[in-house]
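Letter by letter, the chains look like this.
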Amino acid sequence: MEPQKDYVLRTVEERGVRLIRLWFTDVLGQLKSVAISPAELADAFEEGLQFDGSAIDGFSRVQESDVLAVPDASTFELLPWADPDEPSGRIFCDIRNPDGTPFAGDPRWVLRRTLAKAAEMGYTFYTAPEVEFFYFQDSNPNAPLVPVDNASYFDLTTADVASPLRKRTIGMLEAMGIPVEYSFHEDSPSQHEIDLRYTEALSMADNVMTLRLVVRKLALDRNLHATFMPKPLNGVQGSGMHTHMSLFENDVNAFYDAGHSYGLSKTAQSFIAGLLIYAREITAVTNQLVNSYKRLVVGDEAPTFVSWARNNRSALVRVPVVKPGKESSTRIEYRALDSAANPYLAFSVMLAAGLKGVEEGYELTPEAATDLYTTSKETARATGLEELPMSLSEALDALESSPLMAEVLGEHIHEWFLRNKRAEYSEFRQEVTAFELRRYLNTW
């Protein structure tokens, strides 16, 4: 047996673990779980745990339903909220077909496959997302949402009543081996941000899924509701998941070049160019909800144009300033991504777009020098800037017509995602909203 698996089995025995939860995600990024006893863990490592994939969104059709959940021993962690007298652990799983081959509907496999492409080119892909979310008093969709505080950006006042909850959340994440770099109150009432420390993209996607569960669980413990919905409140900014990215060649940051005036290597420039060229095609994945496009609007401190700039937060791709002597931290930041995205698929499509730019040697266009938050569409178009899709439907059109995205996602996920999201948008179009009733009921 592999050393990592042997270590997990010994730990389970020594710590008296009573239950192991096997975690995986569906195509939309919803966390799924099945619990097994320690006695079943060794067999699960070797043979996988068989289950009905047709019951999971985006997985198997009924006539080909059986799939295997195969635990990834490197992801084992004890659950810090479990009863000390009955310890529990969790392990993320890869999903496979009954013959042991990777299952095409597994988002984790899509990311593994894209990372393997990067490795073939000599690169390791690192990410660091800034995860924003809201706390509310409850989750009743038929009543006005009630924030738990009225604080604002970086506030540390009595108004920020969620600070102890956020502190407890960070402690629990770090107890599960997930290092947090920053946390603070964001701009909107009851909006918070937790920034995770840089790590390799597959581990980071696992960390994002864990963070979502921990945030929600601890909020529920206090009879509160936490949501990663991109735009739950009118009149304030929504929740993004700005993601910092870099490629490394062994221990060397492939994005840094001391000889360039911006400190950006040719690799970095072509990677950014790839992100810009394919930005519209990846948006349905990075912003997968109808609600996502309520955030991507002018005046909401979210990008609306396909653009890049150094240290200009209104651009889609930002190049943060690097401190002297910290050149190895050279990175780029993609600012459209929101907190409801499936991190496995989102990291995959961003990486694939950037790698395509590197492969093809795409040239980087001039940077945006103005505040794009206040730039009109007419002015932006006159300077040659494209707009990001303004609706899920428009984003799906771009995704459907993209050969690169079909290749990256694979036929199974590409086809299912389009069908599922078209149905979501169709249902949205048929819904009469409160806005329409207020606007038209007594007028027409």
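Residues numbered from 1 in each chain as written. Predicted model: local features only at pLDDT ≥ 70, side-chain atom pairs only at ≥ 80, totals over all residues. Heavy atoms only, no water.

### Remarks on the overall build of the chain
When helices and strands are tallied, the chain shows 13 helices and 16 strands. Relative to the compact-globule value of 22 Å for 444 residues, the chain shows a C-alpha radius of gyration of 22 Å, a close match. Considered along the principal axes of its C-alpha atoms, the chain spans approximately 65 × 60 × 50 Å. Scored against the burial criterion, the 444 residues of the chain give a buried share of 53%. Sequence separation of at least 24 residues holds for 70% of the intrachain contacts in the chain that already meet a minimum separation of 6. Counting only carbon and sulfur atoms, one obtains 49% of the accessible surface of the chain, whose full area is about 20,200 Å². Placing the 42 positive and 64 negative side-chain charges of the chain at their respective mean positions leaves the two points 4 Å apart. (Helix = DSSP H or I, 4+ residues; strand = E, 2+ residues; numbered from the N terminus. Rg over C-alpha atoms; globule rule 2.2 N^0.38 Å. Buried < 20%, exposed > 50% of the residue type's maximum accessible area, 1.4 Å probe, protein only. Contact = heavy atoms within 4.5 Å. Areas by Shrake-Rupley, 256 points an atom, 1.4 Å probe, with all protein chains shown as cover. Lys, Arg positive; Asp, Glu negative; His and termini not counted. Charge placed at Lys NZ, Arg CZ, Asp CG, Glu CD.)

### Points about the domain arrangement of the chain
Annotation of the chain at the domain level lists domain 1 (3–100) and domain 2 (112–438). Each side of the interface is counted separately: domain 1 has 21 residues, and domain 2 has 23 residues. Overall, the association of domain 1 and domain 2 removes approximately 1,800 Å² of surface from exposure, summing both partners, and the carbon and sulfur fraction of that is 65%. Here domain 1 is connected to domain 2 by two salt bridges. Put simply, Asp 94 and Arg 112 hold a salt bridge, and the shortest N to O gap is 3.1 Å. At the junction of domain 1 with domain 2, the criterion picks out six residue pairs in polar contact (both at pLDDT 80 or more). Elements with a contribution of two residues or more to the side of domain 1 that touches domain 2: β1 (19–25), β5 (77–78) and β6 (88–96). The element best represented in the side of domain 1 that touches domain 2 is β6, accounting for three residues. Of the residues that constitute the side of domain 1 that touches domain 2, the class distribution is ten nonpolar, five polar and six charged. (Domains from an automatic or database assignment. Buried area = accessible area lost by both parts, 1.4 Å probe. Salt bridge = Lys/Arg side-chain N within 4 Å of Asp/Glu carboxyl O. Polar contact = N/O pair within 3.5 Å; in protein donor to acceptor, adjacent residues only side chain to side chain. Nonpolar A, V, L, I, M, F, W, Y, C, P; charged D, E, K, R; others polar.)

### Examining the environment of Glu 400
With respect to the helices and strands, Glu 400 occurs in helix α11 (residues 392–400). Overall, the relative accessible area of 47% leaves Glu 400 in the partly exposed class. Remark: the alpha-carbon pair of Glu 400 and Leu 418, spanning 18 residues in sequence, is separated by 7.2 Å. Contact partners of Glu 400, with chain neighbours within four places excluded, come to His 414, Leu 418 and Arg 422. Looking at Glu 400, its side chain comes within polar contact range of the side chain of Arg 422, at 2.7 Å.

### Points about unusual backbone geometry
Its identity is not glycine, yet Asn 223 carries a phi of approximately 60°, on the positive side. Locating Asn 223 in the fold gives a position in the loop between α5 (201–221) and β11 (225–227). Notably, Asn 250 is not glycine yet its phi reads approximately 55°, a positive angle. Checked against the element boundaries, Asn 250 lands in the loop between β12 (243–249) and β13 (252–253).

### Concerning the packing of aromatic side chains
In this structure the tally under the stated criterion is eleven aromatic pairs. Here Tyr 262 and Trp 308 contribute two aromatic rings whose centre-to-centre distance is 5.9 Å and whose plane-to-plane angle is 55°, an arrangement assigned as tilted. Taken together, the residues span a long stretch of sequence, with Tyr 262 in the loop between β13 and α6 (266–277) and Trp 308 in strand β14 (residues 308–310) at a distance of 46 residues. Judged by relative accessible area, which is 3%, Trp 308 ranks as buried. Relative to Tyr 362, the ring of Tyr 278 lies with its centre 6.4 Å away and its plane at 35°, an arrangement referred to as tilted. Of this pair, Tyr 278 sits in the loop between α6 and α7 (279–286) while Tyr 362 sits in the loop between α9 (343–360) and α10 (377–382), placing them 84 residues apart in sequence. Residue Tyr 278 shares its accessibility class with Tyr 362, and that shared class is buried. (Phe/Tyr/Trp six-rings, centres within 6.5 Å; stacked < 30°, edge-to-face > 60°.)

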